[in-house]
Amino acid sequence: MTRARTPYPAKYSAFGLARRGLRHRKWPRTIHSHDLAPSYDVVIIGAGVHGLAAAYYLATNHGITNVAILDKSYIGSGGSGRNTAILRSNYLTPEGVAFYERSMELYRGLAHDLNYNVMFSQRGHLTLAHDDGAMRTMRWRAEVNKLLGVNSEVIDAAEVHRVEPRLDVSADTRYPVLGALYHPPGGTIRHDAVNWGYARAADALGVEIHQQTEVLAIDTVGGRVVGVRTSRGSISTPVVLNCTAGWASLICDMVDLRLPLVTHPLQAAVTEPVKVFLHSVVVSGSRHVYVSQTDRGELVFGASVDAYPSYSMRGSLEFTEELASHVLELMPSISALRVMRQWAGLCDMTPDYSPIMGTTPVEGFFVDVGWGTYGYKAGPVSGEALADTIAHSRQAPIISAFNLDRFAAGRLVGERGAASVGH
Ligand code: PYC
């Protein structure tokens, strides 16, 4: 069934801005509130980038607009608003590289597709290697990347210095930089803009976004989904897509589906702004740190997930201390910089560091979960692939390797070597 469209959102353009400014006209609302309807063709749980993108591509690519997105909090309140907004496709497995490269392709066209400035900045991505084992993994990744048409190459320490003069690449440090995997198309994006851009476009196509609407139970009859019970009432639906992070296993529990997920907090921090000096995204797996600089000049840092499973989203002093010591090994010159804020998000870790996507043994119940620390990069392609999977009731080809059944079949897609930092 196709739901009536709300009028397409006002077009953002310099001309539109000037016209509205001169005429003192307000911009129309971008997201509308709705009562819950008694039934939907598809219910998506989670209003993060994955859920919003899935709804958008269901509507645009398949004409399915009778869709509700439910979130117990607000748009982008989970990992989609808490990540460090790094994009890359320099993965290790052919399946992973092809998948994330499609996401980069969609991200490149997103501002145009959504008529929303998502501030994608392709500034280059460096993954530093401090020992021979890491250098071997970088060469392996570079070869797989090149074979699949992804721009990555291994560079030596002198070249690293040329790309990022502020990094200490001298040989007399405790963990000298031997070289790096250099991935010029990698970069950063403005995550809130992506979330709001998808939300605005999906809303305009007739998708209903229900914030502050918690899923309490999922009803099944004879092994197939028939409805969802929420804090605002019950809905009948034949299709549920679980796009949550942190709560993914609790939602799957509602249909008695067990997933191999362990949830860990991942912390991040941002400094006061300084004049821009760091041009690329810098990652050091063995020093457990990644850093980029925003256009406003703040340094945004992240590290490994906390060592213990938890649902806590609080920052810790231990994290800041460790982060500072590792960052200063790489960039001693920033020792006077002050940290302004820190926060945490939840990461569902899988045994092979690859996500779990697509069909499940419960008919009508689909998953897009297990995103570890790399979910944001995959928002557009996951949305596109899950929309395709739901529309055709079969696993979309680009995610065929990522089905839940790989764990029982022993077909793991090992991406640990391409995770940003050691976990
Ligand atoms: O996998 O590139 C990555 C990443 C960056 C921050 C967290 N994970």
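Just so you know, these numbers come straight off a predicted model, no measurement behind them.

Caption draft 1: Expanded view of the packing of helix 2 (residues 49–62) against helix 6 (residues 191–204). For the pair helix 2 and helix 6, the least separation of the axes is 9 Å and the interaxial angle reads 30 degrees. Taken as a pair, helix 2 and helix 6 cross one another with a handedness that is left-handed. For the pair helix 2 and helix 6, contact is made by Val49, Leu52, Ala53, Tyr56 and Tyr57 and by Val194, Asn195, Tyr198, Ala199, Ala201 and Ala202, respectively. Of the residues that constitute the contact of helix 2 with helix 6, the class distribution is 10 nonpolar, one polar and no charged.

Caption draft 2: Spatial organisation of the environment of glycine 383. Along the chain, the position of glycine 383 falls in helix 9 (residues 379–392). What makes glycine 383 buried here is its relative accessible area of 0%. Each C-alpha atom of the pair glycine 383 and leucine 181 lies 28 Å from the other, and the pair is 202 residues apart in sequence. Not counting the four nearest positions on each side in its chain, glycine 383 is found in contact with His50, Ala53, Ala54 and Tyr57.

Caption draft 3: Spotlight on the sheet that holds strand 2 (residues 67–70). Here we have six strands laid out as an open sheet, ordered 9-2-1-13-20-19, and mixed in their pairing. Of all the strands in the sheet, the pair left with one neighbour each is strand 9 (208–210) and strand 19 (356–358). Neighbour-to-neighbour, the strand axes of the sheet open up by a mean angle of 20 degrees, direction not taken into account. Relative to strand 20 (residues 365–369), strand 19 is paired through three bridges, and the arrangement is antiparallel.

Caption draft 4: Quick look at the nonpolar core. Ile44, Phe99, Val194 and Tyr198 are the most contacted members of the largest nonpolar core, which totals 72 residues. Take this core: its biggest share by element is nine residues, from helix 2. In this structure phenylalanine 99 touches Met357, Trp371, Ala378, Val381, Ser382, Ile398, Ile399 and Phe402, once residues within four positions along its chain are discounted.

Caption draft 5: Structural context of the packing of aromatic side chains. Following the criterion strictly, the structure yields 11 aromatic pairs and no others. Between tyrosine 57 and tyrosine 198 the ring centres are 5.9 Å apart and the planes differ by 70 degrees, which places this aromatic pair in the edge-to-face class. Of the two residues, tyrosine 57 sits in helix 2 while tyrosine 198 sits in helix 6, which places them 141 residues apart along the sequence. With relative accessibility at 5%, the residue tyrosine 57 sits in the buried group. Under the relative-accessibility criterion, tyrosine 198 is labelled buried at 0%. An angle of 55 degrees between the planes, with centres 5.4 Å apart, marks the rings of phenylalanine 99 and phenylalanine 402 as tilted. Of this pair, phenylalanine 99 sits in helix 3 (residues 94–114) while phenylalanine 402 sits in the loop between helix 9 and helix 10 (405–409), and the two are 303 residues apart along the sequence. The pair phenylalanine 99 / phenylalanine 402 is uniform in exposure class, with both members buried. Feature note: the residues Tyr91, Phe99, Tyr100, Trp371 and Phe402 constitute an aromatic cluster, connected by ring pairs. The cationic tip of arginine 20 hangs over the ring face of tryptophan 27; the distance from NZ or CZ to the ring centre is 4.5 Å.

Caption draft 6: Examining the layout of surface pockets more closely. If you add up the space inside the second largest pocket, you get close to 560 Å³. As for the second largest pocket, its lining consists of 22 residues, of which Arg190, His191, Thr294, Arg296 and Val300 are closest to the centre. Class assignment of the residues belonging to the lining of the second largest pocket gives a composition of six nonpolar, nine polar and seven charged.

Caption draft 7: Quick peek at the sheet that holds strand 10 (residues 215–221). Spatially, 10-11-12 is the arrangement adopted by the three strands of the open sheet, whose pairing is antiparallel. The open sheet is flanked by strand 10 and strand 12 (233–236), the only strands paired with a single partner. Pairwise comparison of adjacent strand axes, ignoring direction, gives a mean angle of 25 degrees for this sheet. The pairing of strand 10 with strand 11 (residues 224–230) spans six bridges and is classified as antiparallel. Bridging from a neighbouring strand, valine 215 pairs with threonine 230 of strand 11.

Caption draft 8: Inspection of a nonpolar patch on the surface at higher detail. Among the surface-exposed residues, Tyr12, Leu17 and Trp27 lie close enough to one another that they form a single nonpolar patch of about 280 Å² accessible area. The topology assignment puts tryptophan 27 in the loop between helix 1 (14–23) and strand 1 (42–45). Overall, the relative accessible area of 33% leaves tryptophan 27 in the partly exposed class.

Caption draft 9: Layout of the side chain of histidine 191. In this structure, histidine 191 sits in helix 6. There is a polar contact of 3.4 Å between the side chain of histidine 191 and the backbone oxygen of asparagine 83. Those residues in contact with histidine 191 that lie beyond four places of it in its chain are Ser80, Gly81, Arg82, Asn83, Ala85 and Tyr376.

Caption draft 10: A look at empty space enclosed by the protein. The tally for this structure, following the rule as stated, stands at one cavity of 30 Å³ or more. Here the largest cavity defines a volume of roughly 30 Å³. In terms of lining, the largest cavity is formed by Pro9, Ala10, Tyr12, Trp27, Pro28, Arg29, Thr30 and Arg200. Tallied by class, the residues present in the lining of the largest cavity amount to five nonpolar, one polar and two charged.

Caption draft 11: Local environment of the site of the ligand. Close contacts around the ligand come from Thr84, Ile86, Arg88, Tyr290, Thr373, Tyr374, Lys377 and Ser420, and that covers them all. A distance of 2.6 Å separates an oxygen atom of the ligand from a polar atom in the side chain of arginine 88. One nitrogen or oxygen atom from the main chain of threonine 373 is found 2.6 Å from a nitrogen atom belonging to the ligand. Calculation on the ligand without its partners gives an accessible area of 240 Å², and the protein chains cover 97% of this total. Looking at the shell around the ligand residue by residue, the classes come out as three nonpolar, three polar and two charged.

Reading the values: the criteria
Residues numbered from 1 in each chain as written. Predicted model: local features only at pLDDT ≥ 70, side-chain atom pairs only at ≥ 80, totals over all residues. Heavy atoms only, no water. Axes fitted to C-alpha atoms, helices over the stretch in contact; angles between N-to-C directions. Helix = DSSP H or I, 4+ residues; strand = E, 2+ residues; numbered from the N terminus. Left-handed = near helix turned anticlockwise from the far one by under 90°. Contact = heavy atoms within 4.5 Å. Nonpolar A, V, L, I, M, F, W, Y, C, P; charged D, E, K, R; others polar. Buried < 20%, exposed > 50% of the residue type's maximum accessible area, 1.4 Å probe, protein only. Pairing = 2+ DSSP bridges. Core = buried A, V, L, I, M, F, W, Y, C linked by side-chain atoms within 4.5 Å. Phe/Tyr/Trp six-rings, centres within 6.5 Å; stacked < 30°, edge-to-face > 60°. Lys NZ or Arg CZ within 6 Å of the ring centre and 35° of its normal. 1 Å grid on protein atoms, 1.4 Å probe; cavity = no way out; pocket = protein on both sides within 12 Å on 5 of 7 lines; lining within 4 Å. Points joined across faces, edges and corners; volume = space filled by probe spheres on them. Patch = residues over 30% accessible without salt bridge, like charges linked within 9 Å, V, L, I, M, F, W, Y side chains within 5 Å. Areas by Shrake-Rupley, 256 points an atom, 1.4 Å probe, with all protein chains shown as cover. Salt bridge = Lys/Arg side-chain N within 4 Å of Asp/Glu carboxyl O. Polar contact = N/O pair within 3.5 Å; in protein donor to acceptor, adjacent residues only side chain to side chain. Near = heavy atom within 4 Å.

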